[in-house]
Amino acid sequence: MNKEMVSAYSIRVNSFGFIFIFVITLMFLYYMIPSSSNDNGTDDQLNVRALLSVCIDLAESGGKEIKAVREERSLNQKTKGKTKEGADEMLTQGDLRSHRVVVSGLSLLYPHMRVISEEKDPMLNVTQSPFFDQTVHPELSDLPNELIPASELSVWVDPLDATQEFTEDLDEYVTVMLCVVRHGKPLLGVIHFPFEKRTVWSWRGRGHGKLEKTPESKTTRIIVSRSHAGDVTKVARDAFGKDSIIIPAGGAGYKSVQVASGKADAYLHVTAIKKWDICAGHALLHSMGGQMTALNGGDIDFSPDLSPKVDGLIATATKRKYSEVLKKLVPSLAKKEE
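Here the structure is a predicted model, which is why all the values come from computation and not from measurement.

Calculation criteria
Residues numbered from 1 in each chain as written. Predicted model: local features only at pLDDT ≥ 70, side-chain atom pairs only at ≥ 80, totals over all residues. Heavy atoms only, no water. Pairing = 2+ DSSP bridges. Helix = DSSP H or I, 4+ residues; strand = E, 2+ residues; numbered from the N terminus. Axes fitted to C-alpha atoms, helices over the stretch in contact; angles between N-to-C directions. Disulfide = S-S within 2.5 Å. Buried < 20%, exposed > 50% of the residue type's maximum accessible area, 1.4 Å probe, protein only. Contact = heavy atoms within 4.5 Å. Phe/Tyr/Trp six-rings, centres within 6.5 Å; stacked < 30°, edge-to-face > 60°. Lys NZ or Arg CZ within 6 Å of the ring centre and 35° of its normal. Lys, Arg positive; Asp, Glu negative; His and termini not counted. Salt bridge = Lys/Arg side-chain N within 4 Å of Asp/Glu carboxyl O. Parallel < 35°, antiparallel > 145°, perpendicular 65-115°, else oblique. Left-handed = near helix turned anticlockwise from the far one by under 90°. Nonpolar A, V, L, I, M, F, W, Y, C, P; charged D, E, K, R; others polar. Expected span 1.5 Å × (residues − 1). Polar contact = N/O pair within 3.5 Å; in protein donor to acceptor, adjacent residues only side chain to side chain.

Peer 1: What am I meant to see in the sheet that holds strand 15 (residues 309–316) here?
Peer 2: In a beta sheet, neighbouring strands pair by backbone hydrogen bonds and run either parallel or antiparallel. Taken in spatial order, the five strands of this open sheet run 12-11-13-15-14, and their pairing is mixed. At either end of the open sheet lies a strand with only one pairing partner, and these are strand 12 (245–249) and strand 14 (291–294). Across the sheet, the mean angle separating the axes of adjacent strands is 20 degrees when strand polarity is ignored. Pairing geometry for strand 11 (residues 221–225) and strand 13 (residues 266–274), over two bridges, is parallel.

Peer 1: Before we go on, may I ask you to explain the state of the cysteines in this structure?
Peer 2: Here, the word disulfide means a covalent bond between the sulfur atoms of two cysteines. Under the definition given, this model contains one disulfide. Residue pairing for C179: its cysteine sulfur links by disulfide to C279, the two sulfurs lying 2.1 Å apart. One quick way to see it: the torsion about the S-S bond of C179 and C279 is about -55 degrees, and its sign makes the bridge left-handed. Highlighted residues: C179 in strand 7 (residues 175–182) and C279 in helix 7 (residues 275–287), separated in sequence by 100 residues. Residue class for C179 comes out buried when judged on its relative accessible area of 1%. Given the relative accessible area of 0%, C279 is considered buried. The cysteine C55 is free of any disulfide, with C179 supplying the nearest cysteine sulfur at 9.1 Å.

Peer 1: I tried to follow the sheet that holds strand 8 (residues 185–193) on my own but got confused; where do I start?
Peer 2: Overall, mixed pairing links the six strands, which are arranged 4-6-7-8-9-10 in an open sheet. What marks the edges here is a single partner per strand, and that holds for strand 4 (114–117) and strand 10 (207–208). The pairing of strand 6 (residues 153–161) with strand 7 spans seven bridges and is antiparallel. When the bridges of strand 7 are listed, V157 appears paired with L178. Most of the contacts of helix 2 (residues 48–72) go to strand 8, to which it runs at about 35 degrees, and overall it touches strand 6, strand 7, strand 8 and strand 9 (198–203). Strands strand 6, strand 7, strand 8 and strand 9 of the sheet are contacted by helix 6 (residues 252–260), whose axis makes an angle of about 100 degrees with strand 8.

Peer 1: So what exactly am I meant to see when it comes to the packing of aromatic side chains here?
Peer 2: Each aromatic ring pair is summarised here by two numbers: the centre-to-centre distance and the angle between the ring planes. Evaluated as defined, the whole model comprises three aromatic pairs. Its guanidinium or amino end placed over the ring of F193, R198 lies 4.3 Å from that ring's centre, counting from NZ or CZ.

Peer 1: Can you walk me through the side chain of D277 in this structure?
Peer 2: Looking at the element boundaries, D277 is found in helix 7. Salt bridges are absent for the buried D277, whose nearest opposite-charge side chain, K274, sits at 6.5 Å.

Peer 1: Mind showing me how you'd approach the environment of D238 here?
Peer 2: Mapping D238 onto the fold places it in helix 5 (residues 232–240). The spatial distance from the C-alpha of D238 to the C-alpha of P331 is 8.7 Å, given a sequence separation of 93 residues. Other than its neighbours up to four places away in sequence, D238 contacts S332 and K335.

Peer 1: Please explain the packing of helix 2 against helix 3 (residues 93–109) as it appears in this structure.
Peer 2: Packed helices, taken two at a time, are described by the angle between their axes plus the distance between the axes. Viewed as axis vectors pointing N to C, helix 2 and helix 3 meet at an angle of 155 degrees, and their least axial separation amounts to 8 Å. As far as their axial angle goes, helix 3 and helix 2 are roughly antiparallel. Pair helix 2 / helix 3 crosses with right-handed handedness. On the side of helix 2, the interface is formed by V54, L58, S61, G62, E65, I66, A68, V69 and E72, while helix 3 contributes Q93, G94, R97, S98, V101, V102, G105, L106 and L109. For the contact of helix 2 with helix 3, a count of residues per class yields nine nonpolar, six polar and three charged.

Peer 1: Looking at this model, I keep getting lost on the environment of K335. Mind explaining?
Peer 2: With respect to the element layout, K335 can be found in helix 8 (residues 319–337). With a relative accessible area of 48%, K335 lands in the partly exposed category. Between the C-alpha atoms of K335 and D238, which are 97 residues apart in sequence, the distance is 9.4 Å.

Peer 1: Quick question: what am I supposed to make of the packing of helix 6 against helix 7 here?
Peer 2: Between helix 6 and helix 7, whose axes approach to 8 Å, the crossing angle comes to 15 degrees. Between helix 6 and helix 7, the angle is such that the two are roughly parallel. Here helix 6 and helix 7 pass one another in a crossing that is right-handed. Contact residues: A252, G253, S256, V257, V259 and A260 in helix 6; D277, I278, G281, L284 and L285 in helix 7.

Peer 1: When you look at helix 2 in this model, what are you seeing that I'm missing?
Peer 2: Side chains three or four residues apart in an α-helix point the same way, a direct result of the helix having 3.6 residues per turn. In this model, helix 2 (25 residues) spans 36 Å end to end at C-alpha, consistent with the 36 Å of a helix rising 1.5 Å per residue. With 19 of its 25 residues buried, helix 2 lies for the most part within the structure. Here helix 2 starts with a cap whose side-chain oxygen sits 3.1 Å from the backbone nitrogen of R49, and that cap is N47. Following helix 2 by one or two positions, R73 has its phi on the positive side, about 55 degrees.

All we've got here are geometric facts, nothing functional implied.
Structural data, given as structure tokens:
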């Protein structure tokens, strides 16, 4: 091999080596360093803090649609079915317009993440979604950048919780809820109150948004459904005595936040309830050391392929309170089954 061949060979090797190192460096930077222009992560890895921020934005965008429907007086309400107890399940334009905003936004930004919404809408167009600022909310700035595979996550969406109350102009009960689940357990929860311009968020193991706490009462206060009650009042009275306070309220999201803020000692539901109603509340209560289980005390699995129904629930803001409530409830529940 003459000098010219050696020189040419060396140039080719050196060029290949430079290109190889350059490509490997680019791949390292792409996969290991979060992008400043897209904080959502890659197609396979999602930035959890950015996802939480997006969920807050989408819940608030859905809330704006609900408020617009109220201001336009264009509810166009109809019955989509009945509950097991015979109560009407209502559907309004508020439900559908919020659903379109939230689900299309999630589908566009996170196409690899499964979304389960209470509503089904053939008019949904996932190629259209309102623009919103994807800058991370300031109150989330101290949370860590954590990446999780998109395949491990799914989202339960209730685009308008407390539809019955919405049709009755009881807007304080209305919420928009998103709940991100990992391996069947709620990871992120967002509960937005559109008529109060208030949003409560949580991230399991990382913390939750600000809540105004009410001092604990000496009298047991049980919050229950006002429109899907079943015989919950009788069960509660039997368990906690005639001096206990029963608080009828609309919306599972509202009731969960009332428990989290100390305005009720427990949330009790003795009939079937859907997972999109309770997932965000479950996330919130567990993020602050509370508890939410099925009525029989069993854990609730929010995996997307399982049934969306849960046979009742018990929820408290602390595990100590949960133990107290469950101990008193067991005899009453046994009597109910007789």
